[in-house]
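One-letter residues, chain by chain:
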Amino acid sequence: MKKEMVSVKLGNKIKELRTYKKYSQESFADKIGIHRTYMGAIERGEKNITIVTAKRISEGLDMSLSELLNEI
């Protein structure tokens, strides 16, 4: 699978989980300590995020990193 495809799939899954938990993009970004525009770029698959950022996102969604990654 191409790197870009992974980023897009992960971004889509993050957005799906975030909206399911009723967080706005801005409120979720604030919760996990990243900028809202960066959060948008992640959800659009424009950014190849680090493990540290992925961990922060998974914790913000109340799931383990492995659970988040298994979703894609």
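For the structure, see preceding data.
A brief look at the structure comes next. Note that this is a predicted model, so its numbers are computed, not measured.

About the criteria used
- Residues numbered from 1 in each chain as written.
- Predicted model: local features only at pLDDT ≥ 70, side-chain atom pairs only at ≥ 80, totals over all residues.
- Heavy atoms only, no water.
- Buried < 20%, exposed > 50% of the residue type's maximum accessible area, 1.4 Å probe, protein only.
- Helix = DSSP H or I, 4+ residues; strand = E, 2+ residues; numbered from the N terminus.
- Arc of directions from axis to C-beta.
- Axes fitted to C-alpha atoms, helices over the stretch in contact; angles between N-to-C directions.
- Parallel < 35°, antiparallel > 145°, perpendicular 65-115°, else oblique.
- Left-handed = near helix turned anticlockwise from the far one by under 90°.
- Contact = heavy atoms within 4.5 Å.
- Nonpolar A, V, L, I, M, F, W, Y, C, P; charged D, E, K, R; others polar.

The subject of this paragraph is helix α2 (residues 25–32). An α-helical turn contains 3.6 residues, so a residue and the one three or four places further along point in the same direction. Every buried residue of α2 is listed here: F28, A29 and I32. One side of α2 carries all its buried residues, which in axial view fall inside an arc of 100°. One or two positions beyond α2, positive phi appears at G33, with a value near 80°.

Phi is positive for K22, which is not a glycine, with a value near 65°. Mapping K22 onto the fold places it in the loop between α1 (3–20) and α2. Take K22: its relative accessible area is 74%, and that puts it in the exposed class. Positive phi, normally seen in glycine, also occurs at D62, with a value near 60°. Note on placement: D62 falls in the loop between α4 (51–60) and α5 (65–70).

What follows covers the packing of α2 against α4. The interhelical angle for the contact between α2 and α4, taken along N-to-C directions, is 115°, at an axis separation of 9 Å. In terms of axis orientation, α2 runs roughly perpendicular to α4. Crossing geometry of α2 relative to α4 is assigned as right-handed. Residues F28, K31 and I32 of α2 form the contact with α4, whose own contacting residues are R56, I57 and G60. Per-class residue counts for the contact of α2 with α4 are three nonpolar, one polar and two charged.

Limitation: the analysis is restricted to geometry and does not speak to function.
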